[in-house]
Amino acid sequence: MLLAADFPPEVTASWYLVLGAVLFTIGAVGLLVRRNPLVMFMCVELMLNAVNLTFVSFARALGDLGGQVVVFFVMVVAAAEVVVGLAIVVSVLRRRPGATADDIAMLKG
Amino acid sequence: MPELITFILAGLIVLAGALGVVLLRHPVHAALSLVATLFGVAVLFVAQEAHFLAAVQVIVYAGAIVVLFLFVIMLLGVDEAEDLSIEPLTGQRPVAIISGVCILGLSLAALFFAGGATGAKGTSGTPMGGAENITELGRLLFTDYAFAFEATAILLTIAVIGAVLLARRPPGEVLADAGSEETATPKAGQEPEVVS
């Protein structure tokens, strides 16, 4: 299905789903590898976007707008998450400048 | 053919931006790569007839969220580059990459062997593109998903209050905090690396 015989191949939903899977993987690996809390947040955004892309692909493939509505809600939740998460990062980094995820692993004040 | 070209170009932008977020040492550069990724995803949304979501993606994500990231980076002065050659936990990177390969393999296996995605385009008559898209989205939001929509209103209110409470200084600590800020500020800005 991905390697259709005729050229130019038709861009099907599978292509978008594969791209979403790759994007999600890059975000997950980045979240595990990076230590700067801000960059880790950006990797979470990458993963959320991969899921959004998947939802929109399925919305078109199935002809159901519910997928797009879910993406709308994901965006709202992501915005709320970024606001609260960045507030936490600000209050942590104000006490200890230059802290990484390893320095604040013990949940001590 | 146009959709193929759009997909390839936007996909390259998305993947290059994502790799930039993960691999660039400087947080500001990572944030700018994130803009590229978000923009590429918006293009893919347009290619899939989700016009309203593409606009929201550019306005909310690329506009508001990335600006918030950049604002925090500038505010805290954490824009010194991270040394990526140091591996704090022994063996963390290989394990991370192995789990990444596993995630990708499982997703692709689920995609191609579970038989969920046929790759065929939808045949039902729901209007997807153009002005109908926004009309139908609005109708769904205020009928089928009205409860979830109201819940997001509460969620946003809670998020705003929580952010104010978390980021504000406690009233008693103002003087002490200002003193520590004065000592901390030159430390944070010790190496004023020029963003090029």
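Quick caveat: nothing in here was measured; it's all calculated off a predicted structure.

J.: What exactly am I supposed to notice about the overall build of chain A here?
T.: Along its length, chain A carries 3 helices and 0 strands. Helices and strands appear in chain A in the N-to-C order α-α-α. Look at the contacts in chain A between residues 6 or more apart in sequence, and 45% of them connect residues 24 or more apart.

J.: How should the overall build of chain B be read in this particular structure?
T.: A tally of regular secondary structure across chain B gives 7 helices and 0 strands. Along chain B, from the amino end to the carboxyl end, the secondary structure elements read α-α-α-α-α-α-α.

J.: Help me understand the interface of chain A and chain B, please; the structure alone is not making it clear to me.
T.: How big an interface is tends to be reported as the loss of accessible area on association of its parts. With 68 residues of chain A at the interface, the matching set in chain B holds 71 residues. Contributions of two or more residues to the side of chain A that touches chain B are made by helix 1 (13-33), helix 2 (37-62) and helix 3 (66-95) of chain A. Broken down by element, the residue count for the side of chain A that touches chain B peaks at 21 residues, all from helix 3 of chain A. A class-by-class count of the residues in the side of chain A that touches chain B yields 48 nonpolar, 14 polar and 6 charged.

J.: Explanation requested: the packing of helix 2 of chain A against helix 2 (residues 27-47) of chain B in the structure shown.
T.: Any two packed helices are characterised by how steeply their axes cross, that is the angle between the axes, and by the distance between the axes. As a packed pair, helix 2 of chain A and helix 2 of chain B sit with axes 11 Å apart at the nearest point and diverge in direction by 5°. Between helix 2 of chain A and helix 2 of chain B, the angle falls in the class roughly parallel. Between helix 2 of chain A and helix 2 of chain B, the contacting residues are Leu 38, Val 39, Met 42, Glu 45, Leu 46, Asn 49, Asn 52, Leu 53 and Val 56 of chain A on the first element and Pro 27, Ala 30, Ala 31, Leu 34, Thr 37, Leu 38, Val 41, Leu 44 and Phe 45 of chain B on the second.

J.: Looking at this model, I keep getting lost on the packing of helix 2 of chain A against helix 1 (residues 2-23) of chain B. Mind explaining?
T.: Two numbers describe how helix 2 of chain A lies on helix 1 of chain B: the axes approach to 9 Å, and their chain directions differ by 155°. One way to sum up the angle between helix 2 of chain A and helix 1 of chain B is to call them roughly antiparallel. As for the relative orientation of helix 2 of chain A and helix 1 of chain B, their crossing is left-handed in sense. For the pair helix 2 of chain A and helix 1 of chain B, the contacting residues are Val 39, Met 42, Cys 43 and Leu 46 of chain A in the first and Ala 18, Val 21 and Val 22 of chain B in the second. Residues of the contact of helix 2 of chain A with helix 1 of chain B, tallied by class, amount to 7 nonpolar, no polar and no charged.

J.: Teacher, can you tell me more about the environment of Ala 96 of chain B here?
T.: Mapped onto the elements of the fold, Ala 96 of chain B is located in helix 4 (residues 92-113). Not counting residues up to four positions away in its chain, the partners in contact with Ala 96 of chain B are Val 29, Leu 32 and Val 33 of chain A.

J.: What is the right way to look at the confidence of the model for chain B in this model?
T.: Detailed conclusions should not be drawn from predicted coordinates in areas where pLDDT is low. All names here are of chain B. Taken residue by residue, chain B gives an average pLDDT of 79. The fraction at 70 or more is 72%. Least confident of the elements in chain B is helix 7 (residues 174-188), whose mean pLDDT is 44; most confident is helix 2, at 93. Low pLDDT, under 50, characterises residues 175-196; the stretch is placed with 12 contacts to residues that sit more than four places away or in other chains. Reported for the predicted complex are a pTM of 0.82 and an ipTM of 0.87.

Cut-off values and rules
- Residues numbered from 1 in each chain as written.
- Chains lettered and ligands numbered in written order.
- Predicted model: local features only at pLDDT ≥ 70, side-chain atom pairs only at ≥ 80, totals over all residues.
- Helix = DSSP H or I, 4+ residues; strand = E, 2+ residues; numbered from the N terminus.
- Contact = placed C-beta atoms within 7 Å.
- Nonpolar A, V, L, I, M, F, W, Y, C, P; charged D, E, K, R; others polar.
- Axes fitted to C-alpha atoms, helices over the stretch in contact; angles between N-to-C directions.
- Parallel < 35°, antiparallel > 145°, perpendicular 65-115°, else oblique.
- Left-handed = near helix turned anticlockwise from the far one by under 90°.
- pLDDT = per-residue confidence, 0-100.

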